[in-house]
Amino acid sequence: MRLIASRCYLEEAMTVTLHVCITCRAGQTLGEGETTPGKRLHGAILEAGVPEGVSVVPVECLSACSQGCSVALSAPGRWSYVYGRLSDANAQDVVAGAAAYAAAPDGIVPWRSRPEIFRKQSLARIPPVTVVPEAAE
């Protein structure tokens with residue numbers, strides 16, 4: 001039984017997802033063929049090195065359009081966060097924040113341990129999704 005519980009915990013620990021909005025224009029008007037600021041942020045995060053246990057997933061919109069480039073961190077059973085007003089210059093801090101989030105069993109990183117952009121540029125904090133068992137028939 002302990003092996004199963006440990007395996008489940010390990011699987012949950014390995015399922016941290018960093019969503020990066022790649023369609024974000026950060027309020028800019030882009031010319032034909034120009035790369036969006038969101039795609040630049042995504043590329044900079046990949047170049048900075050993805051922390052172990054974190055999967056980076058490009059998404060088409062996080063609906064934070066008025067807040068510049070945005071990312072979201074989530075994992076099963078953990079609090080989720082959305083951060084905004086980011087650019088490719090923030091990639092190292094995003095990676096550091098994702099690593100700290102992956103290391104926190106509940107997704108709550110102590111405030112002083114968060115990168116400054118994660119302390120000051122949080123747009124939303126979402127409680128863990130609770131699975132409601134189906135009613136017995």
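Here the structure is a predicted model, which is why all the values come from computation and not from measurement.

A word on unusual backbone geometry
- At Ser63, a residue that is not glycine, the phi angle is positive and equals roughly 55 degrees.
- Secondary-structure assignment places Ser63 in the loop between β2 (54-59) and β3 (69-74).

Topic: the pattern of salt bridges
- All told, the structure shown has one salt bridge when counted by the stated rule.
- Where Glu116 meets Lys120, a salt bridge forms, and the shortest distance between an N and an O atom there is 3.1 Å. Of this pair, Glu116 and Lys120 both sit in helix α4 (residues 116-120), four residues apart, which is roughly one turn of the helix.
- Residue class for Glu116 comes out partly exposed when judged on its relative accessible area of 45%.

Some thoughts on the sheet that holds β3
- Strand order in the open sheet formed by five strands is β2-β1-β3-β4-β5, and the pairing between neighbours is mixed. Strands with a single pairing partner mark the edges of an open sheet, and in this sheet they are β2 and β5 (122-126). Across the sheet, the mean angle from the axis of one strand to that of its neighbour is 15 degrees, orientation sign disregarded.
- Most of the contacts of helix α2 (residues 37-48) go to strand β1 (residues 16-21), to which it runs at about 145 degrees, and overall it touches β1, β2, β3 and β4 (80-86).

A short note on the packing of aromatic side chains
- If you walk through the whole model with that rule in mind, you get three aromatic pairs.
- Centre to centre, the rings of Tyr81 and Tyr83 are 6.0 Å apart; their planes meet at 10 degrees, and the pair counts as stacked. No difference in accessibility class separates Tyr81 from Tyr83, as the two residues are buried.
- Relative to Tyr101, the ring of Tyr81 has its centre 6.3 Å away and its plane inclined at 90 degrees; by these criteria the two rings are edge-to-face. Of this pair, Tyr81 sits in strand β4 while Tyr101 sits in helix α3 (residues 91-103); the two residues are 20 residues apart in sequence, bridging distant segments of the chain. Each member of the pair, Tyr81 together with Tyr101, is buried.
- The ring of Trp111 has Arg119 sitting right over it, with the charged end atom 5.0 Å from the ring centre.
- Over the aromatic face of Trp79 sits the side chain of Arg125, whose NZ or CZ is 3.7 Å from the ring centroid.

The rules we used
Along each chain, the written sequence defines residue order, and numbers are assigned to residues from 1. For this predicted model, a pLDDT threshold of at least 70 governs which residues receive local features, and a threshold of 80 or more governs which side-chain atom pairs are given and counted, while totals over whole chains, interfaces and linings are taken from all residues. Each side-chain value is derived from all of the structure's non-hydrogen atoms; neither hydrogens nor water enter the calculation. Each helix is a run of DSSP H or I of at least 4 residues and each strand a run of E of at least 2, with the numbering of both proceeding from the N terminus. By convention in these notes, a salt bridge is any Lys or Arg side-chain nitrogen within 4 Å of a carboxyl oxygen on Asp or Glu. For the exposure calls, accessible area comes from a 1.4 Å probe over protein chains only, and a residue counts as buried if that area is under 20% of its type's maximum, exposed if over 50%, partly exposed in between. Pairs of strands are assigned from DSSP output, requiring at least two bridges between the strands. Here an axis means a line fitted to C-alpha atoms, over the contact stretch when the element is a helix, while the angle between two N-to-C directions is reported on a 0 to 180 degree scale. We call two residues contacting when some pair of their heavy atoms lies within 4.5 Å. Note on ring pairs: Phe, Tyr and Trp rings are taken, using the six-membered ring of Trp, and paired if centres are within 6.5 Å. Classes follow the plane angle, with under 30 degrees stacked, over 60 edge-to-face and the rest tilted. Geometrically, a lysine NZ or arginine CZ counts as sitting over a ring once it is within 6 Å of the ring centre and also within 35 degrees of the ring normal.

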